[in-house]
Amino acid sequence: AQTVTQSQPEMSVQEAETVTLSCTYDTSESDYYLFWYKQPPSRQMILVIRQEAYKQQNATENRFSVNFQKAAKSFSLKISDSQLGDAAMYFCAYSRRGGTYKYIFGTGTRLKVLA
Amino acid sequence: ETGVTQTPRHLVMGMTNKKSLKCEQHLGHNAMYWYKQSAKKPLELMFVYSLEERVENNSVPSRFSPECPNSSHLFLHLHTLQPEDSALYLCASSQGRQGGITGELFFGEGSRLTVL
């Protein structure tokens, strides 16, 4: 069975600094998606970044980038120039491409941004 | 209205009440989901509908009853709930093809349920 593990329940970063959130996953599939979602307090969960496993290039969205290591089954999120608005729960998720509508989520990492 | 909207945002109910959660998506997606979010636990998939047909039912107790009248609307009917059912219930949608996933989930803001 596929699993997603986020080993850091909580992280802190100083405003304007860089932070990396870790995620590992387990699957026997070769074609899949990986996602990072952000859930601010009492607000909607939104997609931060998405990676397709067949793409070797790491995805980037403005200040957010990933380090996708397929062989190691690792998918970390780097946030550069952290802002107060980045404070949220961050969830790593996996889904098999064409798979039966199952998205597997990790337990989340709470990110605090210090002014 | 854009995206995925859920009502009500907050709901308090007794164990003998019957209530419903509503979700509506304005994205033209063909799959809709109910997830349960509890503190310090991964999101738990409850139900998935694809083209109005239930394709996943993740061993959810029968006191939760989903309904998908069309591809834009999804309901979760609640009856005789237990206090441990208190949680944030998230609705989501995605665009899929026959056979499953082709992209990401889009979430609503959630319905915070408290069962007394």
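The rules we used
Residues numbered from 1 in each chain as written. Chains lettered and ligands numbered in written order. Predicted model: local features only at pLDDT ≥ 70, side-chain atom pairs only at ≥ 80, totals over all residues. Heavy atoms only, no water. Helix = DSSP H or I, 4+ residues; strand = E, 2+ residues; numbered from the N terminus. Rg over C-alpha atoms; globule rule 2.2 N^0.38 Å. Buried < 20%, exposed > 50% of the residue type's maximum accessible area, 1.4 Å probe, protein only. Contact = heavy atoms within 4.5 Å. Areas by Shrake-Rupley, 256 points an atom, 1.4 Å probe, with all protein chains shown as cover. Phe/Tyr/Trp six-rings, centres within 6.5 Å; stacked < 30°, edge-to-face > 60°.

A. Summary view of the overall build of chain B. A tally of regular secondary structure across chain B gives zero helices and 13 strands. Overall, chain B shows an N-to-C arrangement of helices and strands of β-β-β-β-β-β-β-β-β-β-β-β-β. By the compact-globule yardstick of 13 Å for 116 residues, chain B fits well, its C-alpha radius of gyration being 13 Å. Along the three orthogonal principal directions, the C-alpha set of chain B runs to about 40 × 30 × 30 Å. For chain B, the residues scored as buried account for 51% of the 116 residues in total. A sequence separation of at least 24 residues applies to 53% of the contacts in chain B between residues at least 6 apart. Just so you have it, chain B exposes about 5500 Å², and 48% of that area is on carbon and sulfur atoms.

B. Representation of the packing of aromatic side chains within the structure. Evaluation of the coordinates by the stated rule reveals 16 aromatic pairs over all chains. Arranged with centres 5.9 Å apart and planes meeting at 45 degrees, the rings of phenylalanine 35 of chain A and tyrosine 103 of chain A form a pair that is tilted. Pair noted here: phenylalanine 35 of chain A is in strand β5 (residues 32-39) and tyrosine 103 of chain A is in strand β11 (residues 103-105), with a separation of 68 residues, a long-range link. Judged by centre distance (6.3 Å) and plane angle (85 degrees), the rings of phenylalanine 68 of chain A and phenylalanine 75 of chain A are edge-to-face. Exposure class is identical for phenylalanine 68 of chain A and phenylalanine 75 of chain A. Each is buried. Among the aromatic side chains, those forming a connected cluster through ring pairs are Tyr33, Phe35, Tyr37, Tyr103 and Phe105 of chain A together with Tyr33, Tyr35 and Phe107 of chain B.

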